[in-house]
Amino acid sequence: GTDALSVTTASGKTLQTDLIIMAIGVQPENTLAKAAGLNIGARGGIVVNDHMETSAKDVYAVGDVVETKDFMTGGRTQVPLAGPANRQGRVAADNIAGRKSVFRGIQGTAVCGAFGLTMASTGLGVDMIRRHNLLENPDRIRSARLHPGNHVSYYPGASPLHLKVIFDETDGRILGAQAVGTGEGVERRIDVI
């Protein structure tokens, strides 16, 4: 229609559409950190220890600009989410005030809503588990898919939600989970996991 948007690709082709979704990611603003000579990680974030201290003694960094421990893989990661940033800020403040506090790492729990759906995840997906070689035998990765209601079915207004739980079949350890649904409760299921 006349309200359609157009996008021109790198090859010069123009496409008409009603919706454009731009998933461009985030890059840390590390100009000051670089100028100060702080260690910068592979993803561009300021490298910090588990007290949120940078490579310069008594200089701390938190939030979207840091690379910190990935709770699941043990490696370094950068996850620009408000929850971890808040915890990192509290850990840094504790340490600045002389109270030894430790940031245990990022699990990557996230929730978002779009098009009437709520989507949430935590931990790692199957591809990431394989990419990081988290299990000696990748054949041990199993997943269960569940499709319960968002609340008990005898109470009116229940809507389905779809839940995938990824686990190690040897010891039952949960490695990750994803959920999606139209009603309330999606984020609560992931929070519990």
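Residues take numbers from 1 onward in each chain, read along the sequence in its written order. Only residues with pLDDT of at least 70 get local features here, since the model is predicted, and only at 80 or more are side-chain atom pairs given and counted; chain-wide, interface and lining totals rely on the full set of residues. Computation of side-chain values covers all heavy atoms of the structure but excludes hydrogens and water.

Caption draft 1: Quick look at the pattern of salt bridges. Salt bridges are identified by distance alone: a Lys or Arg side-chain nitrogen within 4 Å of an Asp or Glu carboxyl oxygen. Applying the stated criterion across every chain, the model contains 7 salt bridges. Salt-bridge contacts for Arg99 lead to Asp94; the nearest nitrogen and oxygen are separated by 3.4 Å. Put simply, Arg188 and Glu184 hold a salt bridge, and the shortest N to O gap is 3.5 Å. Here the term buried applies to any residue with accessible area under 20% of the maximum for its type, exposed to any over 50%, and partly exposed to those in between, with areas from a 1.4 Å probe on protein chains only. Judged by its relative accessible area of 46%, Arg188 falls in the partly exposed class. Since its relative accessible area comes to 56%, Glu184 is described here as exposed. What emerges from the salt-bridge pattern is a single network uniting Arg140, Asp168, Asp171 and Arg173.

Caption draft 2: Just unusual backbone geometry, in detail. Residues other than glycine seldom take positive phi values, yet Met52 does so here, at roughly 75°. Helix and strand assignments come from DSSP, with helices taken as H or I runs of at least 4 residues and strands as E runs of at least 2, each series counted from the N terminus. Tracing the backbone shows Met52 in the loop between β3 (46-47) and β4 (66-69). Non-glycine residue Phe115 carries a positive phi angle of around 55°. As for its placement among the helices and strands, Phe115 is situated in the loop between β6 (110-114) and β7 (117-123). Of the residues examined, Phe115 reaches a relative accessible area of 65% and is grouped as exposed.

Caption draft 3: The sheet that holds β4, seen in detail. Pairing between strands requires that DSSP locate at least two bridges from one strand to the other. Spatial strand order, β3-β4-β5: 3 strands in an open sheet with mixed pairing. The open sheet is flanked by β3 and β5 (76-77), the only strands paired with a single partner. When β4 meets β5, the two strands line up antiparallel, connected through 2 bridges. Residue pairing in the sheet places Lys69 in a bridge with Arg76 of β5.

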